[in-house]
Every structure is written in structure tokens, then in C-alpha cells.
Amino acid sequence: MTFTNHILSGSLLAKLLPLPIALPLAFASHFVLDALPHFGFKAGKITNLKLFYGVEALDFSIGAVIIGWLLNRHEYTWVISGLVAFSPDLVWFYRYIFKEKFGKLHIDYQAGWLTMIHKRVQRYERYWGLVIELVYGLLVFTLLR
Ligand SMILES: [Zn+2]
């Protein structure tokens, strides 16, 4: 799922649940959401770099605006929970930047068990998953307001 939807989901969990309980559930929510059909490319192979970078730039811009909006409302625990919900994806940035050199190299590397689970649950990544992301994001945003 997108950065924005992970942030929204973790924030909603913090709105509904006390902080100590919300954080591990926010982390777990990442893998549940990644198991749903969502934006990406089949088998994780980026076939349209323009679309990928365009969606990523828009996604991180919207996510940053939402974080700013929550901070402005002093909902700090919601932001923390949202970032925890997003945190498993940090491993992809590390791999994409440092191992794959921005997509120039494709390396079938060994990964840890959590990363392997993370990779396996994302079997329904498709470019049309963007529609699902939009509907889901608007629904969660409405519940968060
Ligand atoms: Zn993920």
C-alpha cells in the first residue's frame, strides 16, 4: 500500500485505541494492507518508471500534508502510530537505493524472514490497485476526521 494509506491506517488505530495497544497493531496492519490488492507492479517488477515515480511523488506529498495536518491538530500519537504502520517499507528504500542502485541492478538477494514475509504478502500489487488505494484512503480519511 501507499505511504499515505499506511499513515492514515496507523493514525486511525491510534484514534480508536490507546497508544501502547495501537503501536503493535499499526505495525501488523502494514502486512494486512499489503496483502490486499494495491498499487504496484506484478511480481514487484517496475515496468513503468514514469508511472511509478509519479505515483510515489504524489503519494509522499499527500502523506506529508496529512502528517502536517495531524501535527497542526496536536495529534502526535496518531503521527507516531502512522509512521510505525509505514515503517516496514523502509527496508524497500534501503534495498532500492543501496542494493539495486535506483533500479539499475536487479539482485536476487537473501533477505531476513520478516522481509520475505513482507515480499510474499504483496502478491496482488497491480497498477490498477491505485483505484483500491484511492477508495480505501478516502474512507479511512473520512473516519479519521
Ligand atoms: Zn509494505
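Summarised in this report is the structure supplied together with it.

Before going further, it helps to examine the overall build of the chain. Scanning the chain from N- to C-terminus turns up seven helices and two strands. Shown N-terminal to C-terminal, the secondary structure of the chain runs as helices and strands in the order α-α-β-α-α-α-α-β-α. Rg of the C-alpha trace for the chain: 15 Å, near the compact-globule value of 15 Å for 145 residues, within the 12% margin. In terms of principal-axis extent, the alpha carbons of the chain reach across some 40 × 30 × 25 Å. By the burial criterion, 37% of the 145 residues in the chain qualify as buried. Contacts in the chain between residues at least 24 apart in sequence constitute 82% of all its contacts with a sequence separation of at least 6. Accessible surface, the chain: about 8,700 Å² in total, of which carbon and sulfur atoms supply 71%.

Glancing now at the nonpolar core. Side chains that are nonpolar tend, in soluble globular proteins, to be buried together. Membership of the largest hydrophobic core comes to 14 residues, with the highest contact counts inside it found for Ile7, Leu70 and Leu144. Among the elements of the structure, α1 (3-16), α3 (49-72), α4 (76-86) and α7 (129-144) are those that each provide at least two residues to this core. Here the element with the most residues in this core is α1; it accounts for five residues. Setting aside its immediate chain neighbours within four residues, Ile7 contacts Ile66, Ile67, Gly82, Leu83 and Phe86.

Another point: the side chain of Ser9. Note that Ser9 resides in helix α1. Given a relative accessible area of 6%, Ser9 falls into the buried group. Reaching out from Ser9, the side chain makes a polar contact with the side chain of Tyr136 at a distance of 2.7 Å. For Ser9, the contacting residues outside a window of four places in its chain are Leu33, Tyr136 and Val140.

Turning to the coordination of the zinc ion, a few remarks are in order. Ideal geometry at a metal gives 109.5 degrees between four tetrahedral donors and either 90 or 180 degrees between six octahedral ones. Listed as protein donors to the zinc ion are His30 (NE2), Asp34 (OD), Asp89 (OD) and His118 (NE2); their distances from the metal cover 1.9 to 2.2 Å. Between the donor residues of the zinc ion, the gaps in sequence give the motif H-x3-D-x54-D-x28-H. Note that Asp34 is positioned in helix α2 (residues 19-35) and Asp89 in the loop between α4 and α5 (90-99), a separation of 55 residues in sequence. Across the pair, Asp89 and Asp34 agree in class, each one buried.

Judged by side-chain polarity, Ile46, Leu49, Tyr53, Leu90, Phe93, Tyr94, Ile97, Phe98 and Phe102 come together as a nonpolar surface patch covering roughly 850 Å² of accessible area. Elements represented by at least two residues in the nonpolar patch include exactly α3 and α5. It is α5 that provides the largest number of residues to the nonpolar patch, a total of five residues.

By secondary structure assignment, the location of Thr115 is in helix α6 (residues 113-121). Contact partners of Thr115, with chain neighbours within four places excluded, come to Val91, Trp92 and Arg95.

Moving on to the packing of α1 against α4. Their axes nearest at 7 Å, the elements α1 and α4 cross at an angle of 130 degrees. Considering the angle they form, α1 stands oblique to α4. Here the hand of the crossing between α1 and α4 comes out right-handed. Contacts from Phe3, His6, Ile7, Gly10, Ser11, Ala14 and Lys15 of α1 reach α4 at Thr77, Trp78, Val79, Ser81, Gly82, Leu83, Ala85 and Phe86.

Thresholds applied
Residues numbered from 1 in each chain as written. Predicted model: local features only at pLDDT ≥ 70, side-chain atom pairs only at ≥ 80, totals over all residues. Heavy atoms only, no water. Helix = DSSP H or I, 4+ residues; strand = E, 2+ residues; numbered from the N terminus. Rg over C-alpha atoms; globule rule 2.2 N^0.38 Å. Buried < 20%, exposed > 50% of the residue type's maximum accessible area, 1.4 Å probe, protein only. Contact = heavy atoms within 4.5 Å. Areas by Shrake-Rupley, 256 points an atom, 1.4 Å probe, with all protein chains shown as cover. Core = buried A, V, L, I, M, F, W, Y, C linked by side-chain atoms within 4.5 Å. Polar contact = N/O pair within 3.5 Å; in protein donor to acceptor, adjacent residues only side chain to side chain. Donors = N, O, S within 2.8 Å, 3.2 Å for Na, K, Ca; no water. Patch = residues over 30% accessible without salt bridge, like charges linked within 9 Å, V, L, I, M, F, W, Y side chains within 5 Å. Salt bridge = Lys/Arg side-chain N within 4 Å of Asp/Glu carboxyl O. Axes fitted to C-alpha atoms, helices over the stretch in contact; angles between N-to-C directions. Parallel < 35°, antiparallel > 145°, perpendicular 65-115°, else oblique. Left-handed = near helix turned anticlockwise from the far one by under 90°.

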